[in-house]
Amino acid sequence: MGGINNIFNIARSGIQANQQGLATVSQNIANINTKGYSRKEVVLEANRPVGGVIGSGVQVAYVRRTVDIFLEKQLAAGNEDLGFTAARASYLSQAEGIVTETENSGLSNGMTEFFNALRDVATNPESPIQRTVLLTKAESLSQVFVDQGQAFNQIRLDINQEMNRQIETINGLAVRIASLNDSIFKAESSGREAPDLRDQRGVAINDLSELVDIEQVQLRDGIGINVGGQLLVGGNQANSLTTIPDADNPPFNDVAFVRSDGSAFAISPLIQGGKIGGLLSVRDTDIVAFQDRLDRLAAVLVTEFNRQHQAGFALDGTNNNLFFSALTPQAPLASDTNSGNAIGSSLAITDDSLLTFQNYEVQFSSASAYSIVNATTGSTVTTGSYTSGVAMNFDGLDVVITGTPAAGDFFELSAQKGAAQRFGLAITNTDKIAASSTALGVPGNNINALSLVNIQTTRQATLGNSTLNDYQTITMGDVGNAARESNLALMTTTSEVEQLRSLRESVSGVSLDEELTNLLSFQRSFEASADRKSVV
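Rules used throughout
- Residues numbered from 1 in each chain as written.
- Predicted model: local features only at pLDDT ≥ 70, side-chain atom pairs only at ≥ 80, totals over all residues.
- Heavy atoms only, no water.
- Helix = DSSP H or I, 4+ residues; strand = E, 2+ residues; numbered from the N terminus.
- Expected span 1.5 Å × (residues − 1).
- Buried < 20%, exposed > 50% of the residue type's maximum accessible area, 1.4 Å probe, protein only.
- Contact = heavy atoms within 4.5 Å.
- Pairing = 2+ DSSP bridges.
- Axes fitted to C-alpha atoms, helices over the stretch in contact; angles between N-to-C directions.
- Phe/Tyr/Trp six-rings, centres within 6.5 Å; stacked < 30°, edge-to-face > 60°.
- Lys NZ or Arg CZ within 6 Å of the ring centre and 35° of its normal.

### Some points on helix α3 (residues 107-123)
Structurally, the α-helix is built with 3.6 residues per turn, so residues lying three or four positions apart point the same way. Its 17 residues place the ends of α3 24 Å apart at the C-alpha level, agreeing with the 24 Å of an ideal helix rising 1.5 Å per residue. Considered for burial, the residues of α3 that qualify are L107, S108, N109, G110, M111, F114, F115, A117, L118, V121 and A122. Where the residues of α3 are buried, they touch α4 (128-187), α6 (274-311), α7 (447-454) and α8 (468-508).

### Observations concerning the sheet that holds strand β5 (residues 230-234)
Read across the sheet, 4 strands follow the order β3-β4-β5-β6 without closing on themselves; strand pairing throughout is antiparallel. Whereas interior strands pair on both sides, the edge strands pair on one side only; in this sheet they are β3 (215-219) and β6 (237-238). As judged from the 5 bridges shared by β3 and strand β4 (residues 222-227), these two strands associate in the antiparallel manner. Bridge pairing links V217 to G224 in β4. Strands in contact with helix α5 (residues 195-211) are β3, β4 and β5; relative to β4, the strand with the most contacts, it is inclined by about 5 degrees.

### Section: the pairing of strand β14 (residues 380-385)
For strand β13 (residues 369-374) and β14, the ladder comprises 5 bridges, and the chain directions are antiparallel. Within β14, the residue paired with S371 across the bridge is T383. Here β13 hands over to β14 after 5 residues, with G378 in that stretch at a positive phi of 85 degrees.

### Some remarks on the packing of aromatic side chains
Under the defined criterion, the tally for this structure stands at 15 aromatic pairs. Between F114 and F323, the aromatic rings sit 5.9 Å apart at their centres with planes inclined by 55 degrees, giving tilted as the arrangement. With F114 in helix α3 and F323 in the loop between α6 and β10 (333-334), this residue pair connects regions lying 209 residues apart in the sequence. Classification of F114 as buried rests on a relative accessible area of 0%. Residue class for F323 comes out buried when judged on its relative accessible area of 0%. Judged by centre distance (5.8 Å) and plane angle (50 degrees), the rings of F114 and F324 are tilted. Of the two residues, F114 is situated in helix α3 and F324 in the loop between α6 and β10; the sequence distance between them amounts to 210 residues. Each of the two residues, F114 as well as F324, counts as buried. What links up through ring pairs into an aromatic cluster is the set F114, F115, F145, F305, F323, F324 and F423. Lying across the ring of Y37, K40 places its NZ or CZ 3.7 Å from the centre.

In structure tokens, the structure reads:
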């Protein structure tokens, strides 16, 4: 039967259990504003009865961490989407600023002023004043092309630098998660949960998910984190990411996973979410598409204008004069997946009237057989037998590749890539402007000048049957729509994540009213137990 000692022990157990309850409630109240903190709840249970019959007080069974695991995973996934959309929205807004037109600036305005100056030359072809104005407007137009081309490229360079910074943050979070895995494993080896450490790990995982899409795996010694199909965190061990040169996208970098021996391999194609995924998407897809349209417009203008200008005669009686600097296509670029040793040597224009200004691939089915594929349409342009150093001719281009390719190797090329940044004038002398259609018509003949003027309103097959200005208008619409859609996606995703955070707060957050009620309950129980002990 219970005696005085048993009553004393019951009172003491009540003091200890309620003291733990008071400490837990105090911890909750203290962390009411702590990011990622989950409410803790003391779970009490009766002590084993003496002799199986007589009660022996109370004990703390465990401290429960109030979380919804499914909701936590949803929040991590939401953070991935938030990081992705935020990165895209930020840089696409910058891209929109590049193509934005005002009344007195922009590419459309530059082309209009250039052709208006050309009309003035056609009206008075022998006047040096009109010719000087034309060259001035041509220089201004050239500068707009160069500025926009460089601005798009600068966005890609800025993204490259931001990727480096974000990867440093990712590596730091990986080390922290691994350290917390170790601390949790050691703390819980006695069979009790370490709730505060688990909260800290949850915050680190959510921070990581906003930067890159992750896969969480429950391991014996903690949470495993996969990135790009590779184990970034396993138990108390953290691997790392880095950047390596992207061979088929110079001068930009790939995200790479670092092996245990220090070597690294690219995982960029496997990263689809988080801020890194958004940065890669903007850098290698969105901006590239905008650059391609700008380069195509520049290349078509240069090609069509130069061809017509070469047909005319200048004031000094000469013809075949270029007005704009000739296109200088970049050499074919080898895919970074190629296993052969072939390299792209050169790409030259042989007949500008055959140019399509579309993107191509030279695909090798063996070391001696190739196919030229139009990457825009997917159609095969031509096939042939490959000989190192021998030109492959198609659509007005000569392509030279040297070395030995392997089956499956391919090279990318286009006549227009980089045309905007290399846009320039071939003449500086106003007497070289070819307004006349014949040598005998100099200086008063304006037929060739009128033909040059007509280029502005001619629908170009190489621009999708659009005029120069219409094509630029479509480009501005494409950039603007992409920016608006990304901002809308960011607003939607932000709202969704805020809802998830509110749901988490309703499940795991600290309610001050509830905690004050619990505090009062534990305090009274503590006082009652203490009074009972003093009576005994």
